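# A look at the structure
Listed below are the residues making up each chain.
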Amino acid sequence: MADPYFTTTERDATGGRFVAGPDTVGPWAEQFQHGGPPNALAVAIAEQALATDTGRDDLRAVRIAGDFVGPVPVGPIEVRTRIVRSARTAALVEATVRAADRDCLVVRVWFVRETDTHAIASPLAEPATPSGSPPTTTWDFGYGKSLDWRFTEAPAGPGRAAWARPTVPLCDGYEYSGLARVVLVADSASGLSSPLDWTQWSFLNVDLDVHLARPFVGDWVLMDAETVLGSAGSALARSTLSDVHGVAGAGLQTLVLAAIPTR
């Protein structure tokens with residue numbers, strides 16, 4: 001089995017210390033992580049912390065709001081959580097990813113109590129088979145190579161719609177929940193849909209919002225993504241996120257646009 005995105009060096013009820021491996025590396029600098037893995041780890045730690053604190057197993061993570069307050073380095077990191085709210089029908093957990101005594105990523109995860117609402121739920125589609133073409137461009141950064149991609153179009157590089165799934169575990173001792181799996185993939189929506197030349201423009205996201213309407217089914221995440229370029233240095237990437245039964249949620253990213261200096 002492949003090495004996980006993160007290995008654990010210390011763990012307790014409110015978080016732990018971890019080492020981010022080479023599969024977390026993002027496209028802009030080899031010393032910094034892609035946004036997907038640390039957000040997914042924050043979700044996993046928040047889930048564990050809430051379960052430990054409440055003893056409940058009927059609360060399901062349905063929404064994440066992640067804000068990057070600094071780059072997340074590859075290497076040692078720490079995740080700490082606090083329970084902001086714990087009520088009968090919902091709970092809110094904040095998870096902070098830190099490195100070298102500074103905050104890098106602040107994540108808030110909402111949990112909702114599971115109840116049976118099948119009678120009013122939107123109908124599920126017949127199971128789809130993830131299919132499409134592999135990328136025609138070889139991504140040379142760890143995170144891009146760690147995902148199994150199936151483009152539903154045949155772009156000459158990052159496309160607009162694709163199925164994706166991780167090929168490595170998240171962290172030793174943690175399984176992917178539905179939200180953690182979706183978040184890991186959804187942070188790539190901006191790269192998937194960008195109309196910009198990656199060698200001429202950077203478009204780092206300062207946040208990631210993901211909402212799920214229902215439990216996510218299966219390993220594969222289908223992203224149908226679009227980037228709207230602004231005229232004042234910012235952009236918005238939005239994605240519809242589906243599993244094999246159809247639409248399950250949505251994602252948003254605020255992007256900072258910057259021209260890459262010519263060397």
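Residues numbered from 1 in each chain as written. Predicted model: local features only at pLDDT ≥ 70, side-chain atom pairs only at ≥ 80, totals over all residues. Heavy atoms only, no water.

### Quick word on helix H3 (residues 178–186)
Keep this limit in mind: Only protein chains enter the accessibility calculation, which uses a 1.4 Å probe; a residue is then buried when its area is under 20% of its type maximum, exposed when over 50%, and partly exposed in between. Numbering of helices and strands runs from the N terminus, with a helix taken as a DSSP run of H or I at least four residues long and a strand as a DSSP run of E at least two residues long.
Of all 9 residues making up H3, 8 are buried, and the element is well covered by its neighbours. Buried within H3 we find Leu179, Ala180, Arg181, Val182, Val183, Leu184, Val185 and Ala186.

### With respect to the confidence of the model for the protein
What counts is decided by this rule: Across the chain, each position has a pLDDT score giving the predictor's confidence in that residue, from 0 to 100. Pairs of residues are marked as contacts when any of their non-hydrogen atoms sit within 4.5 Å.
Residues at a pLDDT of 70 or more form 96% of the protein, whose mean pLDDT is 94. pLDDT under 50 marks residues 154–159. Its contacts with residues more than four places away, or in other chains, come to 13 contacts.

### Quick look at the environment of Gly249
You can see Gly249 is positioned in strand S13 (residues 246–259). For the pair Gly249 and Phe216, spaced 33 residues apart in sequence, the C-alpha to C-alpha distance is 8.7 Å. Sequence-distant contacts of Gly249, defined by excluding residues within four places in its chain, comprise His211, Leu212, Ala213, Ser239, Thr240 and Leu241.

### A word on the pattern of salt bridges
We apply this condition: One speaks of a salt bridge when a side-chain nitrogen belonging to Lys or Arg is within 4 Å of a carboxyl oxygen belonging to Asp or Glu.
If you walk through the whole model with that rule in mind, you get 16 salt bridges. Where Arg181 meets Asp219, a salt bridge forms, and the shortest distance between an N and an O atom there is 3.5 Å. Here Arg181 is found in helix H3, whereas its partner Asp219 is found in the loop between strand S10 (207–212) and strand S11 (221–229), with 38 residues between them in sequence. For Asp219, a relative accessible area of 41% corresponds to the partly exposed category. Linked through salt bridges whose partners overlap, the residues forming this network are Glu10, Asp12, Arg17, Glu78 and Arg80.

### Considerations on the nonpolar core
Which entries qualify depends on this criterion: We define the nonpolar core as a collection of buried residues of types Ala, Val, Leu, Ile, Met, Phe, Trp, Tyr and Cys that are connected through side-chain atoms lying within 4.5 Å of one another.
Within the largest apolar cluster, 61 residues are counted, with the highest numbers of intra-cluster contacts made by Phe6, Phe18, Phe111, Trp149, Leu179 and Val210. The element best represented in this core is helix H1 (residues 36–54), accounting for 8 residues. Ranked by size, the runner-up nonpolar core spans 6 residues in total, among them Leu196, Phe203, Leu255 and Leu257.

### Looking at the state of the cysteines
Rule in force here: Two cysteine sulfur atoms make up a disulfide if the distance between them is within 2.5 Å.
A full pass over the atoms with the stated rule returns 0 disulfides. Left without a disulfide partner, Cys104 is nearest to the cysteine sulfur of Cys171, which lies 17 Å away. Judged by its relative accessible area of 0%, Cys104 is buried.

### Regarding the side chain of Ser193
What counts here: Within 3.5 Å is the distance limit for a polar contact, defined as a pair of N or O atoms, with the added protein rule that one can donate a hydrogen and the other accept it, and that residues adjacent in sequence qualify only through two side-chain atoms.
Structurally, the position occupied by Ser193 is in helix H4 (residues 189–193). In terms of polar contacts, Ser193 uses its side chain to reach the side chain of Thr227, at 2.7 Å.

### Thoughts on unusual backbone geometry
Positive phi outside glycine occurs at Ala100, with the angle close to 50 degrees. Mapping Ala100 onto the fold places it in the loop between strand S5 (90–99) and strand S6 (102–113). Owing to a relative accessible area of 76%, Ala100 belongs among the exposed residues under this scheme. Even without a glycine there, the phi angle at Asp101 is positive, about 65 degrees. Along the chain, Asp101 turns up in the loop between S5 and S6.

### Considering the packing of aromatic side chains
Worth spelling out the cut-off: For this analysis, a ring pair means two rings from Phe, Tyr or Trp (six-membered ring only for Trp) whose centres lie within 6.5 Å, classed as stacked if their planes differ by under 30 degrees, edge-to-face if by over 60, and tilted for the remaining angles.
Evaluation of the coordinates by the stated rule reveals 6 aromatic pairs. On the basis of an interplanar angle of 10 degrees and a centroid distance of 5.8 Å, the ring pair of Trp149 and Phe151 is categorised as stacked. In this structure, Trp149 and Phe151 share a single accessibility class: buried. Aromatic rings pair up to connect Trp28, Phe141, Trp198 and Phe203 into one cluster.

### Notes on H1
Worth spelling out the cut-off: Residue count minus one, scaled by 1.5 Å, sets the expected span of a helix.
In a regular helix each residue adds 1.5 Å, so 19 residues correspond to 27 Å; H1 covers 27 Å between its end C-alpha atoms and thus fits that length. Counting buried residues in H1 gives 14 out of 19 residues, a clear majority hidden from the surface. Gly55 occupies a position one or two residues after H1 and carries a positive phi of about 70 degrees.

### Let's talk about a nonpolar patch on the surface
The line we're drawing: Put simply, a patch holds well-exposed residues, over 30% relative accessible area, that have no salt bridge, with like charges counted together within 9 Å and Val, Leu, Ile, Met, Phe, Trp or Tyr side chains within 5 Å. The Shrake-Rupley method, run with a 1.4 Å probe sphere, supplies the accessible areas, and residue values consider only the shown protein chains as cover.
Judged by side-chain polarity, Trp28, Leu204 and Ile260 come together as a nonpolar surface patch covering roughly 240 Å² of accessible area. Within the fold, Ile260 resides in the segment after S13.

### Some remarks on the pairing of strand S3 (residues 59–68)
Definition in use: For two strands to count as paired, DSSP must find a minimum of two bridges between them.
With 7 of its 10 residues buried, S3 lies for the most part within the structure. As defined by bridge partners, S3 adjoins S10 across 5 bridges and the pair is classed as antiparallel. Residue Ala65 lies in a different strand from S10, and its bridge partner there is Asp209.

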